[in-house]
Amino acid sequence: MEKYWGFIIPVVSVLVALIIAAFVILSVGKSPVEAYIIMVKGAFGSAGAIVNTIVKTAPLVLTGLAVGFGFRAGVFNIGAEGQMIMGALTATAVGINLGWAPPYFALSLTIISGMLAGAGWAAIAGYLKAKTGAHEVVTTIMLNWIATYLSAYMVQVPLAVGSGTPKSPEIAPSAKLPVLMKVGPLEMSAGIIISVIAAIVMYVVLEKTTMGYEVKAAGFNPYAAEYGGISISKNITMSMAISGALAGLAGVVELMGVHHRFLGTLSGGKGFDGISIALIGQNHPIGIIFAALLMGALRTGSNEMQFAGISKHIVMIIQGIVIFLVAADRIVRTMILWRKRRKVKA
Amino acid sequence: MYEEYAVVMKGIVKRFPGVLANDHVDLFVRKGEIHAVVGENGAGKTTLMNQLYGLLHPDEGDIYIFGNKVIIRGPKDAIKNGIGMVHQHFMLVGNLTVAENVVLGSETTRGGVIFDLREARRKVKELSERYGLHVDVDAKIEDIPVGMQQRVEIIKTLYRGAEILVFDEPTAVLTPQETEELFEVMRRLKAAGKTMIFISHKLNEVMEISDNITVMRLGKVTANLVTRETNPREIARAMVGRDVVLRVEKPPHEPKEVVFEVEDLWVKDNRGLDAVRGVSLKVRAGEIVGIAGVAGNGQSEFVEAITGLRKIERGKVTLLGRDITGLDPRSLRNMRMTHIPEDRHKYGMVLQYPAYYNMILGKHWWEPYSVRGFLNHPAIFEGSKELFEEFDVRPRNVNMLGGNFSGGNQQKIVVAREVSGNPKFTAIAQPTRGLDVGAIEFIHRTILKLRENDVAILLVSMELEEIFSLSDRILVMYEGRIMGEVMPEKTTVEEVGLMMAGKRLEEVRT
Ligand SMILES: Nc1ncnc2c1ncn2[C@@H]1O[C@H](COP(=O)(O)OP(=O)(O)OP(=O)(O)O)[C@@H](O)[C@H]1O
Ligand SMILES: [Mg+2]
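Thresholds applied
- Residues numbered from 1 in each chain as written.
- Chains lettered and ligands numbered in written order.
- Predicted model: local features only at pLDDT ≥ 70, side-chain atom pairs only at ≥ 80, totals over all residues.
- Heavy atoms only, no water.
- Near = heavy atom within 4 Å.
- Polar contact = N/O pair within 3.5 Å; in protein donor to acceptor, adjacent residues only side chain to side chain.
- Areas by Shrake-Rupley, 256 points an atom, 1.4 Å probe, with all protein chains shown as cover.
- Helix = DSSP H or I, 4+ residues; strand = E, 2+ residues; numbered from the N terminus.
- Nonpolar A, V, L, I, M, F, W, Y, C, P; charged D, E, K, R; others polar.
- Phe/Tyr/Trp six-rings, centres within 6.5 Å; stacked < 30°, edge-to-face > 60°.
- Buried < 20%, exposed > 50% of the residue type's maximum accessible area, 1.4 Å probe, protein only.
- Lys NZ or Arg CZ within 6 Å of the ring centre and 35° of its normal.

Chemist: I would appreciate a short explanation of the site of ligand 1 in the present structure.
Modeler: Residue and element names in this part refer to chain B. Residues in contact with ligand 1 amount to 20 residues; listed here are only the nearest, Gly42, Lys45, Thr46, Thr47 and Gly408. At 3.2 Å from an oxygen atom of ligand 1 is found a main-chain nitrogen or oxygen belonging to Ala43. Gly407 is positioned such that a nitrogen or oxygen atom in its backbone is 3.5 Å from an oxygen atom of ligand 1. Contact with the protein chains hides 86% of the accessible area of ligand 1, taken as 640 Å² for the molecule alone. Of all the secondary structure elements, the ones that give two or more residues to the shell around ligand 1 are strand S2 (19–30), helix H1 (45–52) and helix H14 (407–419). Residue contributions to the shell around ligand 1 peak at three residues, all from H1. For the shell around ligand 1, a count of residues per class yields seven nonpolar, 10 polar and three charged.

Chemist: What is the right way to read the packing of aromatic side chains from this model?
Modeler: Two aromatic rings, taken as a pair, are described by how far apart their centres are and by the angle between their planes. Using the criterion set out here, one finds 20 aromatic pairs over all chains in the structure. When the centroid spacing of 6.4 Å and the interplanar angle of 70 degrees are considered together, the rings of Tyr2(B) and Tyr5(B) count as edge-to-face. As far as the burial class goes, Tyr2(B) and Tyr5(B) line up, both buried. An angle of 75 degrees between the planes, with centres 5.8 Å apart, marks the rings of Phe183(B) and Phe198(B) as edge-to-face. Note that Phe183(B) is positioned in helix H6 (residues 176–191) and Phe198(B) in strand S10 (residues 195–199), a separation of 15 residues in sequence. Residue classification places Phe183(B) among the buried residues on the basis of a relative accessible area of 0%. One aromatic cluster in this structure is built from Tyr213(A), Phe220(A), Tyr353(B), Tyr356(B), Tyr357(B) and Phe381(B). Over the ring of Trp366(B) we find Arg336(B), and its NZ or CZ is 4.4 Å from the ring centre.

Chemist: How do you make sense of H1(B) when you look at a structure like this?
Modeler: All names here are of chain B. Extensive coverage of H1 is indicated by the burial of seven of its eight residues. Buried residues of H1: Lys45, Thr47, Leu48, Met49, Asn50, Gln51 and Leu52, and no others. Taken from the residues just after H1, Gly54 is the one with a positive phi, measuring 85 degrees.

In structure tokens form, the structure reads like this:
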């Protein structure tokens, strides 16, 4: 039984959230069945819808992995947003200067520079925690603001181009991610493949490597880890760096696969969504892929719902309830146990 | 029905995945008696008590309290039925006072606000005096010793009107003096008509304090004994199913070269006060050096310092001729130092890890467990299974989470890990805390086998018997200093006891 909890809890939570939201939809005088059909159609009903959903999902997988990896290691990386910005910004600075380079070189250099920037940005918080005990929640929030304002300055002064919204120039064509599928104006880049690979790599690292063993041990019980020859301070810095690299990669994917230039809205709260996604996905790489897909689908589906006259904020309600239930998984456990106990008595 | 009994548990069955923890257990506890429950590690004692206190629910069976059939859904129901539990791991809030802790969560608090602390203090004081509990009602929990914290737990149950008190291994964390004080309290409670259930692995304690004994083995009751009419040997046989050697034979063994040496070591405790003040000692290959002392005299800090878990302020530590002062645990482990920690939940195990992962903690980066950065799961499984077999860890399921093993079996996992793999020096702290007699015998034999294999062994224990039966030399520690060194065959318990109370050997012997 215990083995399946990680799977049962999020699924039950989503179902409960959908039921509660159905009542909300009813209360504003609409049909929940119709609303959900529209939503599903909006997210998966056509090739365009599917592409749209997948494009939204790719960076969410990566920020979810970033936060999830942190949780497994016992650090709360609330700064995925800032690390994503730093990743995208650095990748922009590199990508716009690679017109001369062949694609394989331009692609890998841009990706790696973005990941390193995210890693470095997060490692600052990790290092501060290891050396001075400064809590990472506080320091990563501070770093988020620094990243936000730094990027605003960069696209308004040194990297600025054109007029209107501040933006950077486009990155070199060789640094753009290849397009897998094109539906009308919608392009689906290889970003989703990068995301899935990252999830698989994280799974392998956590479950199969000595490093994963150490990271998880430190996350569960730092005293026992230290006793077992695992340096906690080293682990904290390294775990933050890895988490930051994943968040940086999310920024890279958005930059190289979607916008192709740095815009102020590029991160758009996806770093914070990573927290919810990690929670729903139970910090498990595969779970995170599905949680991100759910989130992506809700986002695209809700646009469609809006056209049908049902506020898209219903999605926020669903999302909120899911997170609440998953976080309070005791509630779900008790609900399931009640049913079980009644069955035993009967 | 069952009017003369305070507690009757009838036909209790409790299953965990793959384990039948209680198999039709019957427990009869008379009103006003002290009833001991004994049994091997994993026999199902804690599980049984948790069902009485409502923390677990029986799959089958009935519970009668003072003759009435009851269903206990949770601790609240248990308290309502007059049942109180003194947990082994205390449930107290460190930065609140004794009185505040006692009233916390009981009737006199509403919404977390204590509305009559003065009345509460008076009642706590009265209870404390009536039963000789000697607690300082205004002291903060974090500032009082373990024995007193336990008495606060007792007051807490009495304050809530407990008529039946359950003690799950209360003496495992106590010094002999504190144990005596606890027994004094228990006698007073008995005189006041309270009923008590007492779990312990120490048979002499059971003989001293109990009226009747229920013996459990592998989830079943194997004997109901009257304390007056039995003896430790008979109890042990009912527990283990064979004759047990209560004290192992120590063969003569000539120690070899000095392996481990400490010179003038100074270490601070968590509050920044000097806990170890200039300790020097040597341990030779094939020698067991025992450190005796009352808990809290710097032994814990000393062991943590030499194993790399605590900062060394001053002094020098040498292992195999190399200066290892201030080295981290990983380097020390690479030099074949191992450590059985006194607190297995804090240091010894990752409770959320399955047993096979716990079996490699501290050597997980070595071959064959790790090959080029990847865990070698088949080797880890095989190694763990062998150690489970060799150390008789129950149940024989290396996939079970560390936290789901009974206390004694967790200890076996830690010991198995730390004594296997050819250590050169090992620091052993309280190795048999919470173990049953059979397991103690086994661990003692294991430690002696290490000695025969010329491992240098430092043994820290609060059990004088353990120190006396295993050590080649005994050092006594008091307030961070060594009071003297004696040979077990040339000293007496009294002499060591005096040194533990702060007298130097020279003073004792003049
Ligand atoms: N939550 C659980 N999940 C699975 N098995 C469990 C769980 N709790 C206890 N067990 C198993 O039930 C059996 C009885 O355990 P219990 O803790 O009652 O033993 P005990 O008699 O108190 O032993 P000890 O003297 O070592 O404390 C053991 O085999 C233990 O591994
Ligand atoms: Mg127990």
